[in-house]
Amino acid sequence: MRVLRTLTQCVMGVVAGFFSVSAFSQDHANAQTAVPSLVIGDAPAVTPANAWTYFQGLGLTSPTRTTDALVDRTASALGDDPTRIYAFVRNEIEVVPMFGVQKGARGCLIDKACTPFDQAHLLAELLRAADAHNGSSINFNTVYELGDATFTLTQMTDWLGVSNQTALNEVLADGGIPYSVSGSNYTLLHMIVRITLSGTTYRLDPSFKSHTVRAGISNLDTVMGFSPASFMSTGSGGALSGASSSAPIGATTGQPVPQVAALNRANARANLQTYSVNLLNDIRNNHANDDIEDIVGGRDIVPFQGTLPTSPGYTLATPRATFSNDVPLALRTQTTITVGSATPFAWTLDEIYGQELALIPMQIFPQQGSPDPVQYIFYRDGQAMTGWLTGASGSLSVAFNHPYAANGGAYLDRTLLGEGYFHAGAIQFLIGAGRMTADFGAYLEARSSGEEGYVSIQATGGEEPPDPSVTGGQRATKRRYAASFVSQFGSALEMASTLGHGTIVVHDLLVTAHTVPMTGSSISPMTTLGALSVIGAISANAHTALTADTQSLRRASGALLGVLEGSAIEQNLDAVYPVSVATRFDWFSGTSEHSSTNRRFYWANSANWADVSGQIQSDGYYGWAESRTLAQPYIAAGYTVIVPRSSYLGPGLAEVITCNPVGGAECAFPGPERGAAIIAISPTGVAHVVTAQNTRLKGGGGTNDAEANPTRIFSIPEDFLERQFTARAEAYNVDMATGAVTYTPPPDLVVGEGGYPYSLSFQRSYRSGAPYQRDYPDPGPRPLHPRQERFGDSGWTSNWMAEARMQNEGQRAFGEQSPREATDTIAAIRVLLALSADQGSDLATLQYQLGAIHALGWWSEQLSNNAIQIVQGDDNR
């Protein structure tokens, strides 16, 4: 055995971090959620009195903790003034209706959206930082108060945006918030902050805020020209068919099986394009100066102005408890991370939110036929947490313990288990929660290295590899596509909430960034497939309190997650063929090589699985029915599964021919984007699952073009931080978010007089830090891929360095810059919501579910290559 390389500085992710594992499964008490899925939270109501009894049993010790650097700087920026600090949290942070401290003070600052307890945590931490800055001259005596708070229904509606009491009760219960109702008054177990200033006591709740409501376009469907029935009728084009009363050909038991032939893809896409164009024309003609909330609806915080209030504006009972230090563990989301043989790491989520956790592995390449162990060290925020560990395999796990009293405290608590072998940074993950915004990715980018890394593959028989193979590292790339996913998923859920008139909240999210190798020789992979597998827990409720509307929101959340898993890869890696259930189902209906007889989708459950499983073709490259393999565990767990007859879906090359440099023979391998795809749904979970390179992904992906063209490893614009990290500050020519210094001297040469085009100049400019480094680290005597657009890697450029680049601006498709850019997204999500609920029969439900997923297949294409970036020196737009 010999050590070939040590891969240092494994890519790290904000919140929990990136780890190398091959897949994740879930360990639940409920068998219906024992498979990887987006878990749907649905909790019974718990009264404040019963919740208090539960929390008392856990102990409510108030721990201590040092001040966070970001909080400390923010307090200084606010002048250490308590009124300005309160106004900042009250006016700038959106409320997310969940109980307990989730992402905490730092997470509130990053995402500008968090729970009421998080907002109390941020306020208290800012005030304590201000205390420290003021020395002994001022002491606010900041204390947390936990107790009963009583609101009127009018106040609750203004605060949380829900007027229907049945729906409001569901939002509170599923958010883990203890409550009781007396007529139209609500009493919650709630947390506020108490301070004393100049002898006056102030009881402050920055989370309780009034809103103005923007209704949006009231007749949106009419404006678009959309109706569900019309879409399904013209979209089917006569191609939909069913066998609800007879078994499919070759059935073994004669069990009725709903089945649908391929959707008329061309008609469905034409409809969607029409809806988008109709909406765009209406915006141009009638809403030219409006923003996205004026189109889809939204709520704006009514700003607080004036002096510091002494009471929060609702009825407060005598506190049940006060805490002079930090919020007790029982009231905070806790995570336990187990890595190999090391002692488990128990941290609250808010402690590690925004920090970098990493496994830094060293691949040991054995002699032929011997085991393939890996040694690695686990890091937190640059500090080694373990010594060298070996052979972790599936022993990595992440456990969530949420601060909810429902179900005896077990509501949404579960353990996520890692399976398979660690392979030199090939897979990473991050943990998120709540509403994650584009600022999350920008904050991560500002704190992390732009270096990519590499993995060398040892040839069998002892030959030395000719060059390092850039396949497994790509640390910045995986960090970026994971961050792109969480920000776009947060925006998608917010739009679905608005268009679906509901509330969707994320309790936890585990985002796993894979690198799946496609073995083309004994020396190195031919290529790799970038992939995301995402599992987590949400709760979603319609404000109408109608079961069908709530069901639509829940299923739409799972579908949006699935399509964005593939789209985020495509946007960041410039993958030609994204891998997701939506794109594969869409391909199967419209452009596949399969015959019309074989283009069928089945509605499978435990009652008819014996018949359906026999219909699934063993047409995958590996010679077995991968779709059947994917569906089986979900059927066993009680899910209903939409499964295509084929196990070998595209788009992508059916096979790739390569030359084996050892044996000299030509070998055919499956196209890297090809594989199976299913949708699994149940009242407690939704999963969009694919295979790629014989690897199961609860997610999606795309081929890694960064290997063939390393200059494209970061396709989002170079002003990423400037556009998205809105909390940054600037002083002269120093970017305080990155520490980068820019310098532009006078022109070296000017020909002509006046301004351009009457004169032509040559002017240099400099930017320090190279925060958007496109190189790989030098593994030997020479760099792998030197930069081309600047003067080497010096940081200098000039106004003559000009080019136009195709870009993937997925985030802009949600209308943050202009609602005109969001018409495709609005059309796709509106169709998705309208088609996602159960219909009058299983056959009709299957038809509508396929209509919904085909809409997302179309939308996925609108998120890529949708912008052009003009670059001139350090200037770009």
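Residues numbered from 1 in each chain as written. Predicted model: local features only at pLDDT ≥ 70, side-chain atom pairs only at ≥ 80, totals over all residues. Heavy atoms only, no water.

Draft legend 1. View of the overall build of the protein chain. Check the secondary structure of the protein chain and you find 22 helices and 45 strands. Taking all 877 residues of the protein chain together, 60% fall into the buried category. Carbon and sulfur atoms make up 50% of the accessible area of the protein chain, which totals about 31,700 Å². (Helix = DSSP H or I, 4+ residues; strand = E, 2+ residues; numbered from the N terminus. Buried < 20%, exposed > 50% of the residue type's maximum accessible area, 1.4 Å probe, protein only. Areas by Shrake-Rupley, 256 points an atom, 1.4 Å probe, with all protein chains shown as cover.)

Draft legend 2. Fine view of the sheet that holds strand β38 (residues 742-743). Pairing is antiparallel in the open sheet, where three strands are placed in the order β38-β41-β42. A strand with exactly one partner marks an edge of an open sheet, and here the two such strands are β38 and β42 (796-798). Bridge count for strand β41 (residues 764-767) against β42 is three bridges, and the pairing is antiparallel. The partner of Y766 across the bridge, within β42, is W796. (Pairing = 2+ DSSP bridges.)

Draft legend 3. Fine view of a nonpolar patch on the surface. Side chains of L749, V751, Y756, L760 and W800 sit close together on the surface and give an oily, nonpolar patch of about 630 Å² of accessible area. Its relative accessible area of 46% is what places L760 among the partly exposed residues. (Patch = residues over 30% accessible without salt bridge, like charges linked within 9 Å, V, L, I, M, F, W, Y side chains within 5 Å. Salt bridge = Lys/Arg side-chain N within 4 Å of Asp/Glu carboxyl O.)

Draft legend 4. Here's a closer look at the side chain of D205. Relative to the elements of secondary structure, D205 occurs in the loop between β10 (200-204) and β11 (211-214). It is K209 that comes nearest to the buried, bridge-free D205 among opposite-charge side chains, at 7.6 Å. Separated by 2.6 Å, the side chains of D205 and Y314 make a polar contact. With residues near it in sequence (within four places) discarded, D205 still touches Y86, H190, M191, I192, P312 and Y314. (Lys, Arg positive; Asp, Glu negative; His and termini not counted. Polar contact = N/O pair within 3.5 Å; in protein donor to acceptor, adjacent residues only side chain to side chain. Contact = heavy atoms within 4.5 Å.)

Draft legend 5. Summary view of helix α15 (residues 547-573). The end-to-end C-alpha separation of α15 is 40 Å, in line with the 39 Å expected for 27 residues at 1.5 Å each. At L564, α15 is deflected by roughly 25°, the largest bend along its length. Burial of α15 is extensive: 23 of the 27 residues sit out of reach of the surface. Of the residues one or two after α15, D574 is the one with positive phi, at around 55°. (Expected span 1.5 Å × (residues − 1). Bend = angle between axes of the 7 residues up to and from the residue.)

Draft legend 6. Representation of the pattern of salt bridges in the model. The full count for this structure, using the stated rule, is 23 salt bridges. Across the pair D42 and R554 runs a salt bridge, and its minimum N-O distance is 3.8 Å. Residue D42 is found in the loop between β4 (38-40) and α1 (48-58), and its partner R554 is found in helix α15; the two are separated by 512 residues along the sequence. Here D42 falls in the partly exposed class, since its relative accessible area comes to 47%. With a shortest N-O distance of 3.3 Å, R332 and D350 are connected by a salt bridge. One end of the pair, R332, is in the loop between β15 (321-323) and β16 (334-338); the other, D350, is in helix α12 (residues 349-352), and 18 residues separate them in sequence.

Draft legend 7. Representation of the state of the cysteines within the structure. All chains considered together, the criterion is met by one disulfide. Across the disulfide, C108 is cross-linked to C114 (sulfur-sulfur distance 1.9 Å). In this structure, the disulfide formed by C108 and C114 twists by about 105° around the S-S bond and is classed as right-handed. For the pair C108 and C114, a shared accessibility class is recorded, and that class is buried. (Disulfide = S-S within 2.5 Å.)

Draft legend 8. Broad picture of the nonpolar core. Core analysis: the biggest nonpolar cluster contains 195 residues, and L331, F485, F585, I826 and W859 have the highest contact counts within it. Not counting chain neighbours up to four residues away, the residues in contact with L331 comprise F55, L60, F99, G100, V101, F117, L146, M191, F323 and P403. Listed in part, the 21 residues of the second largest apolar core include V35, W609, V612 and L630. (Core = buried A, V, L, I, M, F, W, Y, C linked by side-chain atoms within 4.5 Å.)

Draft legend 9. Structural view of the packing of helix α6 (residues 153-160) against helix α7 (residues 165-174). The contact between α6 and α7 brings their axes to 12 Å, and the two run at 60°. The orientation of α6 relative to α7 falls into the category oblique. As for the relative orientation of α6 and α7, their crossing is left-handed in sense. On the side of α6, the interface is formed by L153, M156 and L160, while α7 contributes Q165, L168 and L172. Split by residue class, the contact of α6 with α7 holds five nonpolar, one polar and no charged. (Axes fitted to C-alpha atoms, helices over the stretch in contact; angles between N-to-C directions. Parallel < 35°, antiparallel > 145°, perpendicular 65-115°, else oblique. Left-handed = near helix turned anticlockwise from the far one by under 90°. Nonpolar A, V, L, I, M, F, W, Y, C, P; charged D, E, K, R; others polar.)

Draft legend 10. Broad picture of the packing of helix α16 (residues 581-590) against helix α22 (residues 842-862). Axis separation between α16 and α22 bottoms out at 8 Å; the angle between their running directions is 105°. Here α16 is positioned roughly perpendicular relative to α22, judged by the angle of their axes. Judged by residue contacts, A582, T583, F585, D586 and S589 of α16 engage L850, I853, H854, L856, G857 and S860 from α22. Class assignment for the residues of the contact of α16 with α22 results in five nonpolar, five polar and one charged.

Draft legend 11. Layout of unusual backbone geometry. A cis geometry characterises the amide bond from G650 onward to P651, with omega recorded as 10°. Within the fold, P651 resides in the loop between β29 (640-644) and β30 (655-659). Residue N141 is not a glycine yet carries a positive backbone phi of 50°. Looking at the element boundaries, N141 is found in the loop between α5 (116-134) and β7 (143-152).

Draft legend 12. Quick peek at the confidence of the model for the protein chain. Per-residue pLDDT for the protein chain has a mean of 80; in total, 76% of the residues score no lower than 70. Note that residues 1-33 has pLDDT below 50 and, in this model, 164 contacts with residues that lie over four places away or in other chains. Counted against residues more than four places away or in other chains, residues 419-426, with its pLDDT under 50, gives 38 contacts. (pLDDT = per-residue confidence, 0-100.)

Draft legend 13. Looking closely at the environment of L331. Looking at the element boundaries, L331 is found in the loop between β15 and β16. A sequence separation of 229 residues divides L331 from Q102, and the C-alpha atoms of the two residues are 8.8 Å apart.

Draft legend 14. Up close: the pairing of strand β32 (residues 677-682). With six of six residues buried, β32 lies mostly within the body of the structure. What you see with β32 is no split at all: A677, I679 and I681 on one side and I678, A680 and S682 on the other are buried throughout. One ladder, built from three bridges, connects β29 with β32; its direction is antiparallel. The residue bridging V641 from the neighbouring strand is A680, located in β32.

Draft legend 15. View of α5. An ideal rise of 1.5 Å per residue puts 27 Å on 19 residues; α5 measures up with 27 Å between its terminal C-alpha atoms. The buried fraction of α5 amounts to 16 of the 19 residues, a majority that puts the element mostly inside the structure. G135, located one to two residues past α5, shows a positive phi value of around 65°.

Draft legend 16. Summary view of the packing of aromatic side chains. Under the definition given, this model contains 24 aromatic pairs. With a centroid separation of 5.5 Å and an interplanar angle of 50°, the aromatic rings of F151 and F208 are classed as tilted. Within this pair, whereas F151 is found in strand β7, its partner F208 is found in the loop between β10 and β11, the two being separated by 57 residues in sequence. Plain terms: the ring middles of F814 and W859 are 6.1 Å apart, the flat faces sit at 80° to each other, and that makes the pair edge-to-face. Remark: W859 occurs in helix α22 and F814 occurs in the loop between β43 (802-807) and α21 (823-835); sequence separation between them is 45 residues. For F814, a relative accessible area of 5% corresponds to the buried category. Through a chain of ring-to-ring contacts, three or more aromatic side chains come together here, namely Y54, F55, F99 and F117. The lysine or arginine in question, R380, covers the ring of W347, its NZ or CZ lying 4.7 Å from the ring centre. If you follow R764 out to its NZ or CZ, it ends over the ring of W796, 5.1 Å from the centre. (Phe/Tyr/Trp six-rings, centres within 6.5 Å; stacked < 30°, edge-to-face > 60°. Lys NZ or Arg CZ within 6 Å of the ring centre and 35° of its normal.)

Draft legend 17. The environment of Y353, seen in detail. With respect to the helices and strands, Y353 occurs in the loop between α12 and β18 (356-365). Once the C-alpha coordinates of Y353 and I431 are considered, the two residues, 78 residues apart in sequence, prove to be 8.3 Å apart.

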